[in-house]
Amino acid sequence: MSIDELLEVRRAPAARHLLSINDLNREGILEIMRLSDAFAEVSERPIPKVPALRGRTVATVFMEPSTRTRLSFETAAKRLSADTMTFTAATSATVKGESLRDTVETIDAMGIDAMVIRHHASGAPLRVTDWIGASVINAGDGTHEHPTQALLDCYTILETLRSRRGGDEPHDLSGLRIAIVGDIKHSRVARSDVLAFAALGAEVVLVAPPTLMPASLEGWPVQAAGDFDAVLGELDVVYLLRIQAERLGEVLLPSLDEYHWRYGLTRARAAALKKDALIMHPGPMIRGVEISPDVADLPASLVTRQVRNGVLVRMAVLFHLLGSGEI
Amino acid sequence: MPGPNTKEKAGEIVVRGGTVVDETGERRADVLVRDGRIVAVEASIDVPSNATVLEAGGCFVSPGLVDMHAHLREPGGEIAETVESGSRAGALGGYTALVAMPNTEPAIDSAAVARDVLALGEEALAEIAVAGSITIGRKGERLSPMGELAALGVRLFTDDGNGVQNGGLMRRALEYAFGLGVVLAEHCEDTQLAAGGHMHEGAWSSRLGIAGQSVLAEEVMLARDLALVRLTGAPMHFLHLSTAGSVEMVRAAKAEGLPVTAEVTPHHLALSDASVQGYDPLFKVKPPLRSPSDVAALRAGLASGVVDAIATDHAPHAPERKEEPFDEAPSGMLGLETALAVAYGALCLEPGESAAKDAEKGWVPPSAGAGVSVRELLGWFSWRPARIAGLDEELNTAAGSRGGQGGPVRPGAKAHLSVFDPSATWVVDASRQASRSRNTAYAGRCLTGKVRHTVLAGEVVVRDGEAQR
């Protein structure tokens, strides 16, 4: 299907914002997958750019440092011919003395169509929707959600399975068993991935020491496991999360070495996986903690594929929320 | 002789047509007030010429409400509230006495600051008492001059906002306070167990990705303090209890005969942690809004007499402070103007048609058939807190008379009265709060029950829901 055909059948956007994977139902996620396919085709053209969002302005507002996610969004916006502007703050607005509301209202007043916001506090993008007229896209809020990461993770798994099987199937993740391993409690990636993987039919198992599990998993469509080795042999995808050194200071872990010994994807554990199991990580990856250096470079590792797909999926999200249906 | 806070007003008032409710019972009666005092409580009183008539048909006429937990923010936080604006909010909520909490800047940890706040109270629309801090600057390091403060009439001491983390220091504080006849009040929160949590730890905190605070942050400090009360024999009051476990511990302590009292807030009686799902910091309070089962336990604790009083923890914050993300916004919500109606809805009414929908949003509906009487409710708002705060007895000081709060409504008593209309419905308008701040959690909410009139020492300070000055 060409992008032109796709756009003709594309339904009107249901929501103005993307704050949580819950803002997209299963159909919404699948539509992002289809749009991403179309933009994958665009990205292979000699000039990988379409005029879909010409005249639109996308502001990236990053209140927490994250060069990669910001560049990914800005690249996506530019490939759609949108204008971009960037606001970054190493320190919070509070420290500078300006409230978050004043900051975002100021940027909104410059005339923008979408605000891509990364914030160190959970829920900040939702609050922002009360204050500005532009569409708000959550690029990671505190320990809450990071929906575009989850979308690119879904896309990467689907794309990999299709290329292996040499066809258009599968369209979803049903039948797959996916383990998310690491600091679930503090991970916005995990919260979005759980919702997205489950919406597409996967079975999700969370693997972490008790100190890094959420206090309650009530209502989460997951199983929980404390022993990584016990579940290794049944996994189709191993999704590793970054372990941050500050968790040691919070006495949540004895040491990074001990974490690696119990939960790291070592060569021995990689060997115990199914032959065709996939290995994923949202980055930045700390080799020697959550993953052994040599395992990170195995063909099963999709880490660089995830980064490439991040641009496609963010193009799809921007187009889904802002596109008028015409190129 | 005129008092510093409650200058008895000359003139006559008749509160006509209401049901008089106080600790002694409930009866249909008119109330005649003359020169600041109640002079007659009778089935029918002829209105003297020139008397002010306050219509109270269908209303409950009770002793004025007493809030033993109000943050009036003066000195230091005048952008959010002043003694005057806070007292106006209190008067509109039916209060005739407020205990100003000491977490001001500077803290109320010296006679000089206490005198300043009491002086501000002289022109207020409610009697203003102050609580002193237990430690200098509420830092938990050195004791405040409790004796000097007690001599000014300070009866409650607390580091509210902070729990006293050092158990050894709390023991000495209790021993020292016991000798002065004053009461220490604890904000139970173990800093280490609280672990920087911004909301109740549970299913909602896990889903929302907000750091949770375990119920143990409160319960462990409460357990320690109960052991210290057992050791020292000193009386102690527990502020804003929020968990089922706390209610059970206080029940056991009272059964054992320990001299302890406890309060809960209207918001902990009405709202659960599901209120936080929109990340609106209006619902960020200390202690955090808990689970529906904790809410049920607090309600049951009142009904069974384990919990003694309802106190607002009225905590004004300037609007911009509540426009930060949840993690960064300060804790606290307004309470004075809505307290009685919110508690009435949670404790006395039957669940309404929207109960199930409300529950999803965190508004815990009342239990069917569990409603308590308005007289019980008013006890938790008036005579019980008056006694704990030491505002019940009338004291004649060099500056005049104070106290006489909490009734009963009988001839000779000081005329501190509140008139509550249980059938009035009203929509809370954040922009029309008498408080300098707007951080009410009930904006747009339709409440049942409204304070109609408030009489402070014979002065009509609120009439038909409007402040008179």
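Located above this text is the structure these notes cover.
Conventions we followed
Residues numbered from 1 in each chain as written. Chains lettered and ligands numbered in written order. Predicted model: local features only at pLDDT ≥ 70, side-chain atom pairs only at ≥ 80, totals over all residues. Pairing = 2+ DSSP bridges. Helix = DSSP H or I, 4+ residues; strand = E, 2+ residues; numbered from the N terminus. Axes fitted to C-alpha atoms, helices over the stretch in contact; angles between N-to-C directions. Contact = placed C-beta atoms within 7 Å. Nonpolar A, V, L, I, M, F, W, Y, C, P; charged D, E, K, R; others polar. Core = buried A, V, L, I, M, F, W, Y, C linked by C-beta atoms within 7 Å. Buried ≥ 20, exposed ≤ 12 C-beta atoms within 10 Å, placed from the backbone. Domains from an automatic or database assignment. Parallel < 35°, antiparallel > 145°, perpendicular 65-115°, else oblique.

A.B. asks: Looking at this model, I keep getting lost on the sheet that holds strand β2 (residues 83-88) of chain A. Mind explaining?
C.D. replies: Either a parallel or an antiparallel arrangement is found when strands of a sheet pair, and the pairing is made through backbone hydrogen bonds. Residue and element names in this part refer to chain A. What the four strands build is an open sheet, ordered β2-β1-β3-β4; its pairing is parallel. Each edge of the sheet is formed by a strand with only one pairing partner; in this case those strands are β2 and β4 (135-141). Averaged over neighbouring strand pairs, the angle between their axes works out to 15 degrees when direction is ignored. Where strand β1 (residues 57-62) lies against strand β3 (residues 114-119), five bridges are found, and the strand directions are parallel. In the sheet register, Thr 60 faces β3, and the bridge partner there is Val 116.

A.B. asks: Even after reading the chapter, I still don't get the interface of chain B and chain A, so can you show me in this structure?
C.D. replies: Put simply, an interface is often sized by how much accessible area is lost when its parts join up. Every contact between the two is made by 19 residues of chain B and, on the other side, 23 residues of chain A. Per-element tally for the side of chain B that touches chain A: the top contributor is helix α6 (residues 203-208) of chain B, with five residues. Class assignment of the residues belonging to the side of chain B that touches chain A gives a composition of six nonpolar, six polar and seven charged.

A.B. asks: Teacher, can you tell me more about the nonpolar core here?
C.D. replies: Proteins that are soluble and globular tend to have nonpolar side chains buried together. Residues Met115(A), Ile180(A), Val181(A), Leu318(A), Val31(B), Val61(B) and Ala100(B) are the most contacted members of the largest nonpolar core, which totals 241 residues. Residue contributions to this core peak at 10 residues, all from helix α14 (residues 303-322) of chain A. Inspection of this core shows a minimum of three residues originating in each of domain 1 (3-145 + 308-322) and domain 2 (147-307) of chain A. Filtering out sequence-adjacent residues up to four positions away, Val31(B) remains in contact with Val15(B), Val20(B), Ile38(B), Val41(B), Val61(B), Val409(B) and Leu417(B).

A.B. asks: Explanation requested: the packing of helix α7 (residues 216-232) of chain B against helix α8 (residues 244-256) of chain B in the structure shown.
C.D. replies: Geometry of a packed helix pair, given as the angle between the helix axes and the separation of the axes. Residues and elements named next belong to chain B. The geometry of α7 relative to α8 is characterised by a closest axis approach of 9 Å and an angle of 10 degrees between their N-to-C directions. It follows that α7 is roughly parallel to α8 by the angle criterion. For the pair formed by α7 and α8, the contact residues are Glu 218, Glu 219, Leu 222, Ala 223 and Leu 226 on the first element and Gly 245, Ser 246, Met 249 and Ala 253 on the second. Broken down by class, the residue content of the contact of α7 with α8 amounts to five nonpolar, two polar and two charged.

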